[in-house]
Every structure is written in C-alpha cells, then in structure tokens.
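Spelled out from the first residue to the last, the chains are:
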Amino acid sequence: MSILAVMDVPALLNAALDRHRAGDVDGAARFYEQVLALQPDNVDALNLLGLTLHQRGRDADAVAPLERAVALQPAFAGAWLHLGTVLRRVNRPQDAARAYARVAEIAPASALGPMGLGQIAEFAGDRAAAMRHYRDATTREPGHGGAHFALGTLLANDGDLRGGLDHVRQAIALDPAAPDHHLALATLLFVAGDSAGAIAAYQKCLEIAPGHLDAWASLIAAYCTGNDAASAQEALDAMRRHAPADDPRVDMAQGQLANLQGKPAAAIAVLSRALRNMIGAAPDARLGDVARVLGEQAQALDMVRRERIAAACDLLGTLLPLFDDYATADALFAGAAKLGRLRALKNRIAVSLYDPDLTLDRRKALHLDFAEAMRDGVAAPHAPWVRKAGEKIRIGYVSSDFRRHPVARSMRPLFRAADRERFAIYGYNLAFGEDDVSREFAAMADGWHHLAARPDAELAEIVRRDGIDILVHVAGHFDENRLGLAWRRAAPVQVSLFDAATSGIAAIDYLIADRNLVPRHSGEFYAERVMRLPNLYIHPWLTEARALAPRAATAPIVFASFSNPTKLNGRTLETWAQVLRAVEGATLLLGHARAMDEPEIRQRFQSYFAKAGIDPARVAVRPYVADLAAHLASYDGVDVVLDPFPFNGSTSTFEALSMGVPVVSLTGDTMMSRWSGAILAPLGLERCRAATIGDYVRVAASLAADVAWRNALRAELPDRMKHSALVDEARWMRRLERAYRAFARRAIFGGS
C-alpha cells in the first residue's frame with residue numbers, strides 16, 4: 001500500500017462521518033467501503049459500515065464486518081453493541097446476548113449493554129431477567145433516559161403502575177424531546193384513570209413528532225374510551241394527513257371510532273382489513289384462518305405489533321356475533337390470547353353466552369381454561385377467619401361498574417340498604433376515572449379505594465389490610481373486572497355476585513343465584529357452591545313506568561324486542577319467524593342501540609325474515625331512542641315482547657314488565673337462558689315461560705289471542721311490579737345478609 005493511500009484514510013473517514021451525520025447513509029457507506037479497500041482491517045470503518053448496513057435494513061450483511069471489527073479489537077464496545085443489535089434482528093438471540101454481555105463488561109459505566117440484554121430477555125418472555133437488566137442499566141448510568149424508559153414500561157406492564165410512572169417521568173426529565181417517552185407516560189396515565197393527563201401527554205408527543213402514528217392511534221383510542229366521538233373524529237382526520245392510505249393503524253383507529261358510533265359492520269370491515277395487513281395476509285383471507293396462524297407468528301412479532309394485532313382480534317371477536325359468526329370470534333379470541341392478551345379469554349367467555357349451539361361441556365372447558373390462565377402461577381393459602389363474635393362482618397365489593405352502568409343500579413342496595421349494625425361495607429373501584437355515581441358509592445362506604453391502576457398483588461394486600469371477611473366479585477366476567485384476583489385469597493370467604501355464569505375459579509367459595517336461575521340438579525358446571533336466594537334480580541323502580549291504555553281487540557298484533565342485537569342469533573330469528581307465521585297479520589318491531597340504525601344491521605334482520613318467507617313489511621326497526629321516558633313510551637303500541645335466547649333479556653325484560661307488557665321467554669339449561677324466567681317467576685307469570693321452541697311459538701300465539709288478559713296486565717302489572725320482590729331493596733338485602741352470616745358460620749365452624 002502506498003504512503004499516499006494511507007494518508008488518504010483519515011480524510012475518507014472524516015468525509016464518511018460528515019455524510020453519516022448529515023443523514024446520507026448511502027453516501028457514507030460508499031466512503032467506508034473505500035477506506036476498507038485501502039485498509040481492510042480498519043476497525044472504525046468496519047464498525048460504521050456495519051452500522052450503515054443495519055440502518056439500510058441489511059442486518060444479515062452487517063454481521064460480517066462487525067464480527068471482523070470485534071475480532072480485531074476485542075475491547076471495542078461500540079462494535080460489540082452494533083453487533084448485538086444486528087444479531088438480535090437476524091434472530092440470533094443467544095449470540096446477541098453474548099455481544100451485549102461484552103459491552104457490559106467492557107463499559108461498566110454504560111447502560112447500553114444491560115439494556116440490550118433486557119430487550120432480549122423481555123422479547124423471550126423472561127420478564128424477571130429483563131427487570132434485573134434494566135435495573136442494572138439505571139444503576140450503571142442513572143442519567144440515561146432510555147434505561148429509565150425501558151424499566152418504567154416493563155414495571156407498568158408487570159403491574160407496578162406507580163413504579164412505571166416514576167421511571168417514565170425520570171426518562172422525560174432526562175430526555176424531554178423523546179416523543180416515545182411522552183407516549184409511554186400518556187399510556188400509563190390512561191391506565192391509571194387520568195384521562196385528561198393522558199390526552200395532554202399524547203398531545204405533547206404529537207407536538208414533538210406530528211407524524212407519530214402510534215400516538216395518534218392511542219389518542220383516538222382514549223377519546224373513544226371517553227365516548228368523545230367528535231374529538232376522536234377530529235384526531236382521525238389529522239392522523240390521515242400524516243399516514244399512508246393503507247397503514248393498518250388508521251384502520252384500527254377508524255374501527256374503534258365506528259364501534260363507538262354504533263356502526264359495527266363498518267368497524268368489522270376496517271378492523272378486518274387492518275388485521276390482514278398487519279400479518280401480511282391476502283385481502284380475501286378468512287379471518288378464522290388468519291387467527292389460527294397467530295400462535296406460530298407470536299415469537300417473530302415485536303411487542304408493539306403483537307399487542308396491536310391482539311387488540312384487533314379481541315375487538316373483532318366481540319363484534320362478529322352480531323352476524324352469527326361464533327366460530328371465527330372464538331378463533332380470534334384464541335389468537336389474541338396466544339399473543340399475550342389474556343383479557344381476550346374473558347371476552348371469549350362473554351361471547352360464548354350468546355352462542356345457541358355451544359354445549360355444556362364446551363362451556364365448562366372454556367371456563368376452566370379461563371380460570372387457569374387467570375391463575376398465572378398464584379398459589380396463595382386460604383385466609384383464616386379472624387373476626388370475633390359480635391364484631392361487624394366486613395364485606396368488600398370489587399367492581400369496575402361503580403359508575404354510570406346498569407350493574408351500578410343493582411349494586412346500590414349493597415351500600416344504601418346494608419345493615420350497618422352488623423356489617424361494614426368497603427368498595428374497591430376498578431373503573432378508570434370517576435363520575436357522580438362512583439362518588440355516590442364512595443360516600444356510602446365505610447372504606448373506599450380506587451384501584452384501577454394497581455396490580456392484583458397490591459390490591460390483594462390492601463384487602464388484607466382492611467381486614468375484609470367476605471370479598472364479593474361483582475359481574476366478574478364483564479368490563480374491567482379482574483377475577484384473577486380471587487386466586488390470591490385476600491379474604492377468608494369469596495363470593496361471585498351478579499355474574500352470568502360460573503367464574504370457573506375454585507378459590508371463589510360461593511356463587512349467588514336463585515332457584516330459577518340455578519335449579520337444583522342443574523347440568524351447568526359451577527366451580528363454586530351455589531347459594532340460592534328467592535330472587536337474585538334487583539332493580540330500582542322505574543319512576544317513568546305507568547299503566548298503558550288497553551289495546552283494541554281488532555288491532556293487529558305487534559310483537560317487539562328491544563334487546564341488544566348481539567343476542568338476536570339465527571336460532572332466535574328463526575323462532576320469531578315461526579311466531580309471525582303462526583299469528584296472521586302480526587308485525588315485529590326491533591330496536592335497541594345505535595347499531596340498529598346501521599344499514600348493514602337492519603339489512604341482516606330484514607333479509608333473514610325475507611328468506612324465511614316473511615313479508616319485509618311485517619318487520620320494522622325502530623331508530624335509536626336515548627331518552628328513557630321516550631323509550632318506554634314505545635311500549636304503548638306493543639302487545640307482546642319476544643325474549644331472545646340463549647342470552648335472555650335482563651333490563652329489557654324488566655322494562656317491558658314495568659310497562660305491563662308480557663314477555664315470552666324460553667327457559668334453557670344455563671343461567672343466562674333462565675334470566676328472564678327468573679324475573680317472570682316472582683310475578684307469577686309462569687304462563688309466559690316456554691320449555692321448547694315449539695312451546696315458545698304456542699305461548700306467543702296464545703298471548704296474542706288473549707286480548708282480555710293482556711289488557712288486564714297492562715292495567716295492573718306496573719303496580720304489581722312496583723311492590724314486588726324485584727324492587728324491594730330492603731327485603732332483598734336482608735336475604736343476602738342472611739347468606740353472608742351463613743358463610744361466616746361455615747368459615748368459623750365448618751359444615752353446611
């Protein structure tokens with residue numbers, strides 16, 4: 001090599017570095033190659049060429065020059081770091097870990113080696129090892145914002161939200177211009193229930209990086225959770241100005257907004273497109289087939305993509321039953337669970353309640369799978385009963401429905417009608433945010449905790465500190481409730497209340513039901529011991545309810561259903577078609593939520609009846625009515641309400657009966673398929689209950705023909721309802737408290 005060539009090397013390196021710093025990666029690479037042509041063992045050029053290859057997406061090509069660099073200079077920490085990065089990208093995690101370990105050894109004051117090791121461990125699912133490495137990184141280099149960011153996000157994902165927030169805030173203080181730090185803060189604040197703080201942090205992220213599509217998507221999700229459709233639409237319009245037309249994140253955001261707006265068919269269309277795009281499936285690929293390969297792809301997906309795909313599967317799974325597609329929904333929930341989204345198993349249970357073809361054995365298997373997944377390795381000992389005779393029994397209610405929600409109406413007696421001489425009442429609120437209803441419950445409680453942001457282990461410890469004797473899990477399968485908490489046995493006695501089925505969890509001692517919901521010798525599986533009240537259903541009286549004017553004997557019969565359209569499966573619709581064929585000239589009025597206003601949903605129902613030979617003119621869909629008084633006024637023109645199955649009506653059944661309109665219900669073999677029957681029984685309306693589909697059609701026709709009986713019911717049933725056990729909170733609460741005292745005696749003395 002000539003002396004002149006050797007002298008040119010520093011100049012070439014400087015030129016390469018200038019281009020590299022200016023963002024001209026291709027130009028820099030050409031200069032690094034020229035240096036290596038003159039000086040093949042130049043470790044700086046080898047290292048930086050490897051870096052440019054990585055930056056251009058050529059990780060496999062980057063391995064050789066980086067391996068050569070560290071072979072020539074074994075103490076070159078920067079080259080080891082770049083080598084670890086590209087080895088991780090080409091799916092050689094063990095070799096990458098060795099490279100990062102060398103960085104940690106060579107540069108003991110740097111966070112970068114432990115951070116690389118933490119990323120490998122986290123991706124492999126070894127969260128404990130990842131935590132150790134990230135803590136090591138913050139110890140070695142306390143001023144490294146990225147290390148605090150990595151530790152904070154992992155702590156939060158592991159359930160320590162407060163610790164996560166502390167470290168993410170440190171990351172922002174150290175590196176305030178990093179948009180992802182603000183995005184992480186927003187996400188954690190949102191989980192903690194601070195919606196306003198979360199939205200402000202999302203907006204700060206977007207102020208720094210206006211094209212950050214993940215931040216736009218998360219901001220839209222926050223607006224949707226807060227039912228702010230107008231702000232969500234505005235943000236979606238802004239997101240589209242920054243995003244490629246086919247970016248799946250736009251479709252995800254649009255799908256969430258469409259769902260909020262009561263447009264499930266539109267939501268399904270865009271979410272399906274997003275899911276196919278995210279995993280590279282053909283545009284016409286069947287969603288069930290897409291879902292079934294997710295488990296095979298899980299390890300190849302980074303955590304962000306994994307969560308995004310799982311979220312799409314989960315939401316699609318909840319929407320597809322509207323179109324009777326239970327098999328695909330089940331596959332999507334299973335796929336989401338394989339990607340680590342365990343809440344999809346809870347949604348899977350909820351959706352299974354709508355499926356008319358699901359066997360009792362299959363239901364049992366789903367419940368046990370869910371229960372085992374929620375256990376997550378917890379093996380807590382049974383808490384001993386320590387309350388002394390004569391002391392108040394402490395009852396704790398755990399729920400995410402201490403807010404404006406139908407379940408809150410049924411929970412009010414638990415607080416306002418409780419016998420405070422014998423019981424102390426504690427509330428554990430899992431809802432995100434607070435409203436006037438949650439504040440009302442807090443004011444009625446002897447002890448109150450807002451714990452949406454706390455991990456189960458911490459929640460259990462708070463329950464233990466409060467000395468709770470009986471912990472009641474309310475409507476555990478729905479919303480943001482956390483049945484997995486039960487495995488931690490934070491109280492001597494645990495109870496499931498207002499749920500639609502068994503929890504499947506052996507650590508829950510009792511399920512509260514009634515003799516109609518769960519008759520003795522029921523074939524349905526229950527992991528708990530069933531305690532039967534005279535009636536489980538309780539609802540405050542509807543002050544808007546009133547006696548209706550009689551129907552004319554010559555008026556055409558009007559059947560109606562104002563139930564959730566998801567409950568209207570094909571089996572139910574076929575039965576209703578039989579009813580319309582049996583009652584000449586009768587019409588059917590449908591209506592419930594905004595979804596009924598969507599053309600595709602209307603078309604689904606009307607085309608179904610047309611195929612069944614029913615004149616489309618005999619089936620009408622009422623527009624959505626938000627005002628309760630106006631909604632109840634719709635019953636003026638209704639003769640008989642038809643109840644769906646196997647997921648019966650609940651509030652809809654109560655409302656119809658409160659207005660004096662009879663409800664025809666098919667009694668099945670599950671709790672949810674006996675729900676309306678359990679409301680009819682205390683009123684003495686056994687005439688309205690059917691045991692088979694044939695009975696259902698005959699009962700509907702019989703009620704339609706008996707105008708005198710129906711008119712008598714319209715006149716007197718509202719008053720009967722008003723004075724029934726279904727609305728008598730004090731009597732209902734005394735019965736429940738007798739059950740609580742029985743649980744206490746069993747806990748102390750054993751026996752039955």
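Numbering of residues starts from 1 in each chain and follows the order in which that chain's sequence is written. Given that this is a predicted model, residues contribute local features only at a pLDDT of at least 70 and side-chain atom pairs are listed and counted only at 80 or more, while totals for whole chains, interfaces and linings are drawn from all residues. Side-chain numbers come from the whole structure's heavy atoms, not from hydrogens or water.

Peer 1: How should unusual backbone geometry be read in this particular structure?
Peer 2: Most peptide bonds are trans, and most residues other than glycine sit at a negative phi. The residue after Phe 645, namely Pro 646, is reached through a cis peptide bond having omega 10°. As for its placement among the helices and strands, Pro 646 is situated in the loop between strand 11 (640-642) and helix 29 (651-658). One non-glycine residue with positive phi stands out, namely Phe 498, at about 60°. For Phe 498, the position within the fold is in the loop between strand 5 (493-497) and strand 6 (510-514). The phi angle at His 521 is positive, at roughly 70°, despite the residue not being glycine. Only DSSP runs of H or I reaching four residues or more are called helices, and only runs of E reaching two or more are called strands; each is numbered from the N terminus. Tracing the backbone shows His 521 in the loop between strand 6 and strand 7 (529-533).

Peer 1: It is not clear to me how the pattern of salt bridges should be interpreted in this structure. Could you clarify?
Peer 2: Side chains bearing opposite charge may pair, as long as their charged atoms lie close to each other. Salt-bridge detection follows one rule: a side-chain nitrogen of Lys or Arg within 4 Å of a carboxyl oxygen of Asp or Glu. Summed over the entire model, instances satisfying the criterion amount to 49 salt bridges. Residues Asp 26 and Arg 56 are paired through a salt bridge, measuring 3.5 Å at the closest nitrogen-oxygen approach. Taken together, the residues Asp 26 in helix 2 (residues 25-38) and Arg 56 in the loop between helix 3 (43-55) and helix 4 (59-72) connect sequence positions 30 residues apart. Between buried and exposed lies partly exposed: a residue is buried under 20% and exposed over 50% of the maximum accessible area for its type, with that area taken using a 1.4 Å probe on protein chains only. Exposure remark for Asp 26: the relative accessible area of 40% places this residue in the partly exposed category. We classify Arg 56 as partly exposed; its relative accessible area is 29%. Between Asp 214 and Arg 249 there is a salt bridge, with the nearest N and O atoms lying 3.2 Å from each other. Residue Asp 214 is located in helix 13 (residues 213-225), and its partner Arg 249 is located in helix 15 (residues 248-260); the two are separated by 35 residues in the primary sequence. Each member of the pair Asp 214 and Arg 249 is classed as buried.

Peer 1: Which parts of the structure should I look at to understand the sheet that holds strand 1 (residues 393-399)?
Peer 2: Paired through their backbone hydrogen bonds, the strands of a sheet run either parallel or antiparallel. Whether two strands pair depends on DSSP finding at least two bridges between them. The sheet built from seven strands is open, its strands ordered 3-2-1-4-5-6-7 with parallel pairing. Whereas interior strands pair on both sides, the edge strands pair on one side only; in this sheet they are strand 3 (447-450) and strand 7. Going across the sheet, the axis of each strand differs from the next one's by a mean of 25°, ignoring polarity. Here strand 2 (residues 423-429) pairs with strand 3 via four bridges, running parallel. Following the sheet pairing, Gly 427 is matched in strand 3 by Trp 448. Note on geometry: axes are C-alpha line fits, over the in-contact stretch for helices, and angles between N-to-C directions span 0 to 180 degrees.

Peer 1: Explain the sheet that holds strand 11 here, please?
Peer 2: Across the sheet, which stays open at both edges, the six strands sit in the order 10-9-8-11-12-13 with parallel pairing between neighbours. Each having just a single partner strand, strand 10 (619-621) and strand 13 (689-690) make up the two edges of the open sheet. Both strand 8 (residues 558-561) and strand 9 (residues 587-590) contribute to a ladder of four bridges, which runs parallel. Bridge assignment links Val 558 to a residue of strand 9, and that residue is Thr 587. By the convention used here, residues are in contact when the closest approach between their heavy atoms is within 4.5 Å. Most of the contacts of helix 27 (residues 599-611) go to strand 10, to which it runs at about 175°, and overall it touches strand 9 and strand 10.

Peer 1: Sorry, what's going on with the nonpolar core here?
Peer 2: Nonpolar side chains in soluble globular proteins generally cluster together in the buried interior. Grouped together as the largest cluster of nonpolar side chains are 147 residues, with contacts concentrated most on Tyr 397, Leu 414, Ile 470, Phe 559, Tyr 635 and Phe 743. Here the element with the most residues in this core is helix 19 (residues 303-319); it accounts for eight residues. Residues within four places of Phe 743 in sequence aside, it is in contact with Ile 470, Val 493, Val 495, Tyr 510, Ile 512 and Met 531. Throughout this description, the term nonpolar core refers to a set of buried Ala, Val, Leu, Ile, Met, Phe, Trp, Tyr and Cys residues connected via side-chain atoms within 4.5 Å.

Peer 1: When you look at the confidence of the model for the chain in this model, what are you seeing that I'm missing?
Peer 2: The predicted coordinates should not be examined in detail at positions where pLDDT is low. Averaged over every residue, the pLDDT of the chain is 92; residues scoring 70 or more account for 97%. In the model, residues 1-7 has pLDDT below 50 throughout and makes five contacts with residues more than four positions away in sequence or in other chains. pLDDT is defined as a per-residue confidence score from the predictor, taking values between 0 and 100.

Peer 1: Please clarify how helix 9 (residues 145-157) should be interpreted in this entry.
Peer 2: Given 3.6 residues to a turn, an α-helix orients residues that are three or four positions apart in the same direction. Its 13 residues place the ends of helix 9 18 Å apart at the C-alpha level, agreeing with the 18 Å of an ideal helix rising 1.5 Å per residue. Within helix 9, ten of the 13 residues are buried, which leaves the element mostly enclosed by the surrounding structure. The set of residues buried in helix 9 consists of Gly 145, Gly 146, Ala 147, His 148, Ala 150, Leu 151, Gly 152, Leu 154, Leu 155 and Ala 156. Contacts made by the buried residues of helix 9 are with helix 7 (112-123), helix 8 (127-140), helix 10 (161-174) and helix 11 (179-191). Downstream of helix 9 by a residue or two, Gly 159 has a phi angle that is positive, lying close to 105°. Expected span of a helix, by definition, is 1.5 Å for each gap between consecutive residues, and there is one gap fewer than residues.

Peer 1: Just checking my understanding: could you explain the environment of Met 252 for this structure?
Peer 2: As for its placement among the helices and strands, Met 252 is situated in helix 15. Placed 67 residues apart in sequence, Met 252 and Leu 319 show a C-alpha to C-alpha distance of 14 Å. Excluding its chain neighbours within four sequence positions, the residues that come into contact with Met 252 are Leu 271, Ala 274, Met 278, Arg 308, Ala 311 and Ala 312.

Peer 1: How should the environment of Pro 179 be read in this particular structure?
Peer 2: Mapped onto the secondary structure, Pro 179 falls in helix 11. The spacing of Pro 179 and His 405 is 226 residues in sequence and 36 Å in space, taken between C-alpha atoms.

Peer 1: Got a minute to help me understand the packing of helix 23 (residues 406-416) against helix 24 (residues 436-444) in this structure?
Peer 2: Between two packed helices, both the angle of their axes relative to each other and the distance between the axes serve to describe the pair. Here helix 23 crosses helix 24 at 15°, and the two axes come no closer than 10 Å. By the angle between their directions, the pair helix 23 and helix 24 is classed as roughly parallel. Viewed along their axes, helix 23 and helix 24 form a crossing whose handedness is left-handed. Where helix 23 approaches helix 24, its residues Ala 408, Met 411, Arg 412, Phe 415 and Arg 416 are matched on the opposing element by Val 437, Glu 440, Phe 441 and Met 444. The labels follow the angle: roughly parallel below 35 degrees, roughly antiparallel above 145, roughly perpendicular from 65 to 115, and oblique for the rest. Whether a crossing is left-handed or right-handed is set by the direction in which the near helix is turned from the far one by less than a right angle, anticlockwise for left-handed and clockwise for right-handed.

Peer 1: What should I look at first to understand the packing of helix 7 against helix 8 in this one?
Peer 2: Contact geometry for helix 7 and helix 8: axes closest at 8 Å, N-to-C directions at 165°. Between helix 7 and helix 8, the angle falls in the class roughly antiparallel. Crossing geometry of helix 7 relative to helix 8 is assigned as left-handed. Residues Pro 114, Met 115, Leu 117, Gly 118, Gln 119, Ala 121 and Glu 122 of helix 7 lie in contact with helix 8, whose contacting residues are Ala 129, Ala 130, His 133, Tyr 134, Asp 136, Ala 137 and Arg 140. Charged residues are taken to be Asp, Glu, Lys and Arg, nonpolar residues to be Ala, Val, Leu, Ile, Met, Phe, Trp, Tyr, Cys and Pro, and polar residues to be all remaining types, Gly included. When its residues are assigned to classes, the contact of helix 7 with helix 8 shows eight nonpolar, three polar and three charged.

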